[in-house]
Amino acid sequence: MNKTHAVIKRPGQPAAIELVDTSLDGINTIVEGMSGTAMRARAFFPDGRDLVVHCNDDGLALGLPPNLFRPSDGAPVVGVAIATKVDRDGYALPMTEADAAAALALIAGMEAV
């Protein structure tokens, strides 16, 4: 198990920083199904690492509720979303407090109204 800080956004609730299992199985559990990448913000963090927002890959087909909207095109992100810091291969990395605060601010700005 690979526990680190991540930003979790559940539909109808404010985004929050939580200590979670960021392995593939852990992310799949959080998004309640097979995870897919909803968005990748390249070089988002000061150390040049990327931020990835994961969601349920089948969320639209399952009728999951809107949760966030992608800033790039306004497309909905449905169901539970998790934002993680990743390396270039997409593996989750630990977030510092500053990293988590920056990710939380980004996710808060994407919330569905």
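The notes below deal with the structure included here. (Residues numbered from 1 in each chain as written. Predicted model: local features only at pLDDT ≥ 70, side-chain atom pairs only at ≥ 80, totals over all residues. Heavy atoms only, no water.)

This part covers the packing of aromatic side chains. What the rule picks out here adds up to 1 aromatic pair. An angle of 90 degrees between the planes, with centres 5.0 Å apart, marks the rings of Phe-44 and Phe-45 as edge-to-face. The ring centre of Phe-45 lies 5.2 Å from the NZ or CZ of Lys-85, which sits over that ring. (Phe/Tyr/Trp six-rings, centres within 6.5 Å; stacked < 30°, edge-to-face > 60°. Lys NZ or Arg CZ within 6 Å of the ring centre and 35° of its normal.)

Counting 18 residues, the largest nonpolar core has Leu-51, Val-53, Leu-68 and Ile-107 as its most contacted members. Of all elements in the fold, only β3 (35–41), β4 (50–56), β7 (81–86) and α3 (97–108) reach the threshold of two or more residues within this core. Discounting chain neighbours no more than four positions away, the residues touching Leu-51 are Met-39, Arg-40, Ala-41, Phe-44, Phe-45, Ala-83, Thr-84, Met-95, Ala-103 and Leu-106. In this structure, Val-20, Ile-27, Val-31 and Ile-82 belong to the second largest nonpolar core, which totals 8 residues. (Core = buried A, V, L, I, M, F, W, Y, C linked by side-chain atoms within 4.5 Å. Buried < 20%, exposed > 50% of the residue type's maximum accessible area, 1.4 Å probe, protein only. Helix = DSSP H or I, 4+ residues; strand = E, 2+ residues; numbered from the N terminus. Contact = heavy atoms within 4.5 Å.)

So, on to the pairing of strand β1 (residues 3–9). Of all 7 residues that make up β1, 5 are buried, and the element is covered over most of its length. Here β1 pairs with strand β2 (residues 16–21) via 6 bridges, running antiparallel. Bridge pairing in β2 links Val-7 to Ile-17. With antiparallel pairing between neighbouring strands as the criterion, β1 and β2 make up a hairpin whose turn holds 6 residues, including Gly-12 at a positive phi of roughly 75 degrees. Pairing of β1 with β7, which is carried by 3 bridges, proceeds in the antiparallel orientation. When the sheet's bridge partners are listed, Ile-8 is paired in β7 with Ile-82. (Pairing = 2+ DSSP bridges.)

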